[in-house]
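# Structural description and commentary
One letter stands for each residue in the lines below.
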Amino acid sequence: QRDADAAGVLTPNDELNLGKVDQGGAGGATLAALADAAPSPMLAPAVRNLGLLYFRTGRLERAEPLLRRHLALETRAHVDPHFGSESVGLIPALEVLGYVYAYALHGRFEEGLRHYRRAKKICPRELGTNHAGVARQQEHEGLVHFCAGDFTNTERCFREAHDPLLRTGLDCFSPEIM
């Protein structure tokens with residue numbers, strides 16, 4: 001193991017030994033470096049969780065790169081290399097990064113919208129146009145417009161989010177749902 005560490009070679013135990021990875025320092029690899037060197041799907045949750053920890057504790061300068069790296073790992077896992085099509089497994093990573101840009105990193109609304117719109121493109125293709133996931137992505141986009149003070153697009157997005165619910169017979173204004 002020590003020879004592998006000295007040579008910069010990663011072993012399967014490196015992915016599982018997150019305590020050593022998280023500590024970093026002179027003797028251990030950082031989680032970010034390990035994620036770059038060994039893009040294993042097993043690392044994606046650890047990278048996301050550490051990014052979310054930094055986000056929730058207000059260390060945004062540390063959270064953003066980890067959450068971007070998490071998206072890159074998930075993209076490798078959920079994009080068909082032959083056709084370039086993205087699967088629904090990518091949506092949570094897009095939502096997390098969209099949220100961080102839109103709400104925590106004030107003024108970066110376009111970056112938040114870009115991630116939510118990417119998720120919105122996946123939903124109808126993978127889940128169908130009447131799926132609640134489509135409405136959810138439209139609602140996310142509307143909330144970003146609301147935070148940016150763009151009330152015209154806010155209303156458009158919220159109305160478009162409501163339409164799939166009407167097509168499925170779920171009117172969100174009906175007394176049964178309220």
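What comes next is a walk through the structure. Everything numeric here is computed off the predicted structure, so don't read it as measured data.

### A look at the overall build of the protein chain
Each helix and strand in the protein chain was counted, giving ten helices and zero strands. The order of α-helices and β-strands along the protein chain, N terminus first, is α-α-α-α-α-α-α-α-α-α. Each of the 178 residues in the protein chain was classed as buried or not, and the buried ones make up 37%. Working note: accessible area of the protein chain is about 10,300 Å², and carbon and sulfur atoms make up 57% of it.

### Topic: the packing of helix α8 (residues 109-127) against helix α9 (residues 132-147)
Interhelical geometry of α8 versus α9 gives an angle of 165 degrees and a closest axis separation of 8 Å. As judged from the angle between their axes, α8 and α9 are roughly antiparallel. α9 is crossed by α8, and the crossing has left-handed handedness. Mapping the contact onto sequence places Phe109, Leu113, Tyr116, Arg117, Ala119, Lys120, Cys123 and Pro124 in α8 and Gly133, Val134, Gln137, Gln138, His140, Glu141, Val144, His145 and Cys147 in α9. Within the contact of α8 with α9, the residues separate by chemical class into nine nonpolar, five polar and three charged.

### A word on the packing of aromatic side chains
Two aromatic rings, taken as a pair, are described by how far apart their centres are and by the angle between their planes. Using the criterion set out here, one finds three aromatic pairs in the structure. A ring pair is formed by tyrosine 99 and tyrosine 103, whose centres lie 4.8 Å apart and whose planes are at 45 degrees; its orientation type is tilted. Of this pair, tyrosine 99 and tyrosine 103 both sit in helix α7 (residues 91-104), four residues apart, which is roughly one turn of the helix. For tyrosine 99, a relative accessible area of 41% corresponds to the partly exposed category. Judged by centre distance (5.6 Å) and plane angle (65 degrees), the ring pair of phenylalanine 146 and phenylalanine 151 falls under edge-to-face. By relative accessible area, which is 51% here, phenylalanine 151 ends up exposed. Each member of the aromatic cluster is reached from another via a ring pair, and the members are Phe55, Tyr99 and Tyr103.

### Comments concerning the packing of helix α5 (residues 44-56) against helix α6 (residues 60-78)
For any two helices packed against each other, the geometry comes down to the angle between their axes and how far apart the axes lie. The contact between α5 and α6 brings their axes to 8 Å, and the two run at 155 degrees. It follows from the interaxial angle that α5 and α6 lie roughly antiparallel. Crossing of α5 against α6: the hand is left-handed. Taking contact as the criterion, the partners of Ala44, Val47, Arg48, Leu50, Gly51, Leu52, Tyr54 and Phe55 in α5 are, on α6, Leu60, Arg62, Ala63, Leu66, Leu67, Arg69, His70, Leu73 and Glu74. Taken together, the residues of the contact of α5 with α6 break down into eleven nonpolar, two polar and four charged.

### So, the nonpolar core
It is characteristic of soluble globular proteins that their nonpolar side chains tend to be buried jointly. Formed by 24 residues in total, the largest nonpolar core has its most connected members in Leu71 and Leu94. Elements represented by at least two residues in this core include exactly α5, α6, α7 and α8. Examining the composition of this core, we find that eight residues originate from one element, α7, more than from any other.

### Some details on the side chain of glutamine 137
As for its position among the elements, glutamine 137 is in helix α9. Among the polar contacts listed, one links the side chain of glutamine 137 to the side chain of glutamate 95, at a separation of 2.5 Å. Excluding residues within four positions of it along the chain, glutamine 137 makes contact with Ile91, Glu95, Tyr116, Ala119, Lys120 and Cys123.

### A short note on the pattern of salt bridges
Per the counting criterion, the structure on display carries ten salt bridges. The partner of arginine 159 in a salt bridge is glutamate 155, with the nearest N and O atoms 3.1 Å apart. One end of the pair is arginine 159 and the other is glutamate 155, both in helix α10 (residues 151-167) and four residues apart, which spans about a single turn. The exposed category is assigned to arginine 159, whose relative accessible area is 56%. Two residues, glutamate 160 and arginine 156, come together in a salt bridge whose shortest N-O distance is 3.4 Å. Pair noted here: glutamate 160 and arginine 156 are both in helix α10, with a separation of four residues, about one helical turn. Beyond isolated ion pairs, a larger network of salt bridges with shared partners links Arg117, Lys120, Glu141, Arg156 and Glu160.

Definitions and limits used
Residues numbered from 1 in each chain as written. Predicted model: local features only at pLDDT ≥ 70, side-chain atom pairs only at ≥ 80, totals over all residues. Heavy atoms only, no water. Helix = DSSP H or I, 4+ residues; strand = E, 2+ residues; numbered from the N terminus. Buried < 20%, exposed > 50% of the residue type's maximum accessible area, 1.4 Å probe, protein only. Areas by Shrake-Rupley, 256 points an atom, 1.4 Å probe, with all protein chains shown as cover. Axes fitted to C-alpha atoms, helices over the stretch in contact; angles between N-to-C directions. Parallel < 35°, antiparallel > 145°, perpendicular 65-115°, else oblique. Left-handed = near helix turned anticlockwise from the far one by under 90°. Contact = heavy atoms within 4.5 Å. Nonpolar A, V, L, I, M, F, W, Y, C, P; charged D, E, K, R; others polar. Phe/Tyr/Trp six-rings, centres within 6.5 Å; stacked < 30°, edge-to-face > 60°. Core = buried A, V, L, I, M, F, W, Y, C linked by side-chain atoms within 4.5 Å. Polar contact = N/O pair within 3.5 Å; in protein donor to acceptor, adjacent residues only side chain to side chain. Salt bridge = Lys/Arg side-chain N within 4 Å of Asp/Glu carboxyl O.

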